[in-house]
Amino acid sequence: MKMNFKRPFAQYVKKAHKPLQLAIADEVDVICEAPHIGEAKVGDLSGIRVHKFRFNRQEYLLAYRPPQKDAPVEFLIIDFYQVGVHENFYAELKQDLRQEKTQGEGP
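Our subject in this report is the structure included herewith. If you're wondering where the values come from, they're calculated on a predicted model, not measured in any experiment. (Residues numbered from 1 in each chain as written. Predicted model: local features only at pLDDT ≥ 70, side-chain atom pairs only at ≥ 80, totals over all residues. Heavy atoms only, no water.)

Digging into the overall build of the protein
Link 1 in the chain: Across its full length, the protein holds three helices and five strands.
Link 2 in the chain: Counted from the first residue to the last, the protein has its helices and strands arranged as β-α-α-β-β-β-β-α.
Link 3 in the chain: Relative to the compact-globule value of 13 Å for 107 residues, the protein shows a C-alpha radius of gyration of 14 Å, a close match.
Link 4 in the chain: Oriented by its inertia axes, the alpha-carbon framework of the protein measures out at about 40 × 30 × 25 Å.
Link 5 in the chain: The burial tally for the protein puts 36% of its 107 residues in the buried class.
Link 6 in the chain: In the protein, of all internal contacts separated by at least 6 residues, the share reaching a separation of at least 24 is 52%.
Link 7 in the chain: By element, 50% of the accessible surface of the protein is carried by carbon and sulfur atoms, the whole surface being about 7200 Å². (Helix = DSSP H or I, 4+ residues; strand = E, 2+ residues; numbered from the N terminus. Rg over C-alpha atoms; globule rule 2.2 N^0.38 Å. Buried < 20%, exposed > 50% of the residue type's maximum accessible area, 1.4 Å probe, protein only. Contact = heavy atoms within 4.5 Å. Areas by Shrake-Rupley, 256 points an atom, 1.4 Å probe, with all protein chains shown as cover.)

A look at the pattern of salt bridges
Link 1 in the chain: Tallying each qualifying case throughout the model produces three salt bridges.
Link 2 in the chain: Among the ionic pairs, Glu100 bridges to Lys6, the shortest N-O distance being 3.4 Å. Residue Glu100 is located in helix H3 (residues 89–104), and its partner Lys6 is located in the loop between strand S1 (2–5) and helix H1 (7–15); the two are separated by 94 residues in the primary sequence.
Link 3 in the chain: According to the relative accessible area criterion, Glu100 is partly exposed, its value standing at 32%.
Link 4 in the chain: One salt bridge in this structure joins Glu39 and Lys41, with 3.2 Å as the shortest N-O distance.
Link 5 in the chain: For Glu39, a relative accessible area of 42% gives the class partly exposed. (Salt bridge = Lys/Arg side-chain N within 4 Å of Asp/Glu carboxyl O.)

Considering the packing of H1 against helix H2 (residues 18–33)
Link 1 in the chain: Put simply, H1 and H2 touch, their axes get as near as 8 Å, and they point 140° apart. Judged by the inter-axis angle, H1 sits oblique to H2. The residues of H2 that touch H1, namely those facing Phe9, Tyr12, Val13 and Lys14, are Leu20, Gln21, Ile24 and Val28.
Link 2 in the chain: Counted by class, the contact of H1 with H2 contains six nonpolar, one polar and one charged residues. (Axes fitted to C-alpha atoms, helices over the stretch in contact; angles between N-to-C directions. Parallel < 35°, antiparallel > 145°, perpendicular 65-115°, else oblique. Nonpolar A, V, L, I, M, F, W, Y, C, P; charged D, E, K, R; others polar.)

Observations concerning the packing of aromatic side chains
Link 1 in the chain: Summed over the entire model, instances satisfying the criterion amount to seven aromatic pairs.
Link 2 in the chain: A centroid spacing of 5.4 Å and a plane angle of 90° characterise the contact between Phe89 and Tyr90, whose relative ring orientation is edge-to-face. Here Phe89 and Tyr90 have matching classes, each one buried.
Link 3 in the chain: Joined through ring pairs, the aromatic side chains of Phe5, Phe9, Tyr64 and Phe80 make up one cluster. (Phe/Tyr/Trp six-rings, centres within 6.5 Å; stacked < 30°, edge-to-face > 60°.)

Given below as C-alpha coordinates:
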(Lines give C-alpha, C1' and ligand atoms only; values in the text may rest on other atoms or scores of the structure.)
Protein backbone atom coordinates (compact mmCIF):
# COMPACT_ATOMS: atom_id res chain seq x y z
CA MET A 1 0.00 0.00 0.00
CA LYS A 2 1.36 3.39 -0.98
CA MET A 3 1.29 6.47 1.23
CA ASN A 4 0.80 10.04 0.07
CA PHE A 5 1.69 12.70 2.62
CA LYS A 6 0.00 16.05 1.99
CA ARG A 7 1.89 19.27 2.71
CA PRO A 8 0.34 20.13 6.14
CA PHE A 9 1.05 16.59 7.36
CA ALA A 10 4.66 16.59 6.15
CA GLN A 11 5.36 20.06 7.59
CA TYR A 12 4.01 19.14 11.02
CA VAL A 13 6.07 15.96 11.15
CA LYS A 14 9.21 17.77 9.98
CA LYS A 15 8.89 20.39 12.75
CA ALA A 16 8.04 17.86 15.50
CA HIS A 17 10.71 16.52 17.82
CA LYS A 18 12.14 13.06 17.11
CA PRO A 19 10.11 10.99 19.64
CA LEU A 20 6.85 12.45 18.28
CA GLN A 21 8.02 11.80 14.70
CA LEU A 22 8.59 8.15 15.62
CA ALA A 23 5.17 7.91 17.31
CA ILE A 24 3.51 9.36 14.20
CA ALA A 25 5.39 6.88 11.99
CA ASP A 26 4.13 4.02 14.20
CA GLU A 27 0.55 5.27 13.89
CA VAL A 28 0.92 5.57 10.10
CA ASP A 29 1.99 1.90 10.06
CA VAL A 30 -1.05 0.95 12.17
CA ILE A 31 -3.34 2.78 9.74
CA CYS A 32 -1.71 1.10 6.73
CA GLU A 33 -2.37 -2.30 8.31
CA ALA A 34 -6.03 -1.49 9.02
CA PRO A 35 -7.11 1.55 6.93
CA HIS A 36 -10.63 1.69 8.36
CA ILE A 37 -9.51 1.96 11.98
CA GLY A 38 -10.23 5.70 12.25
CA GLU A 39 -13.57 7.36 12.84
CA ALA A 40 -15.39 8.20 9.59
CA LYS A 41 -16.40 11.85 9.28
CA VAL A 42 -19.53 13.23 7.64
CA GLY A 43 -20.62 16.50 6.05
CA ASP A 44 -17.77 18.70 4.79
CA LEU A 45 -15.29 16.00 5.79
CA SER A 46 -17.02 13.02 4.21
CA GLY A 47 -14.53 10.44 3.01
CA ILE A 48 -12.00 11.48 5.67
CA ARG A 49 -11.20 9.33 8.68
CA VAL A 50 -9.56 10.54 11.89
CA HIS A 51 -7.42 8.28 14.05
CA LYS A 52 -6.71 9.40 17.62
CA PHE A 53 -3.61 8.47 19.57
CA ARG A 54 -1.89 9.59 22.74
CA PHE A 55 1.70 10.74 23.13
CA ASN A 56 3.07 12.14 26.41
CA ARG A 57 -0.43 12.46 27.92
CA GLN A 58 -1.54 14.58 24.93
CA GLU A 59 -4.13 13.38 22.43
CA TYR A 60 -3.22 13.78 18.76
CA LEU A 61 -5.48 13.41 15.75
CA LEU A 62 -4.38 12.07 12.38
CA ALA A 63 -6.60 12.73 9.36
CA TYR A 64 -6.39 10.50 6.30
CA ARG A 65 -8.42 9.24 3.36
CA PRO A 66 -8.34 5.44 2.94
CA PRO A 67 -8.37 3.84 -0.51
CA GLN A 68 -11.69 3.06 -2.11
CA LYS A 69 -12.93 -0.45 -1.30
CA ASP A 70 -13.35 -1.36 -4.97
CA ALA A 71 -9.97 0.07 -6.09
CA PRO A 72 -7.55 -2.29 -7.84
CA VAL A 73 -4.54 -3.38 -5.78
CA GLU A 74 -2.11 -1.15 -7.71
CA PHE A 75 -4.18 1.93 -6.74
CA LEU A 76 -4.24 1.36 -2.98
CA ILE A 77 -3.04 4.75 -1.80
CA ILE A 78 -3.70 6.33 1.59
CA ASP A 79 -3.64 10.13 1.62
CA PHE A 80 -2.47 11.52 4.97
CA TYR A 81 -3.81 15.06 5.30
CA GLN A 82 -3.04 16.40 8.74
CA VAL A 83 -1.77 15.54 12.20
CA GLY A 84 -1.93 17.63 15.36
CA VAL A 85 -3.69 18.33 18.63
CA HIS A 86 -7.44 18.86 18.77
CA GLU A 87 -7.37 22.67 19.00
CA ASN A 88 -8.45 24.07 15.59
CA PHE A 89 -7.76 20.68 13.98
CA TYR A 90 -11.06 20.33 12.13
CA ALA A 91 -11.22 23.99 11.06
CA GLU A 92 -7.72 23.77 9.57
CA LEU A 93 -8.52 20.44 7.93
CA LYS A 94 -11.63 21.89 6.26
CA GLN A 95 -9.62 24.89 5.06
CA ASP A 96 -6.88 22.65 3.62
CA LEU A 97 -9.43 20.46 1.85
CA ARG A 98 -11.16 23.52 0.36
CA GLN A 99 -7.82 24.87 -0.89
CA GLU A 100 -6.93 21.51 -2.41
CA LYS A 101 -10.30 21.35 -4.17
CA THR A 102 -9.97 24.87 -5.64
CA GLN A 103 -6.40 24.18 -6.79
CA GLY A 104 -7.59 21.02 -8.50
CA GLU A 105 -10.21 22.96 -10.47
CA GLY A 106 -7.61 25.29 -12.05
CA PRO A 107 -7.57 26.36 -15.74
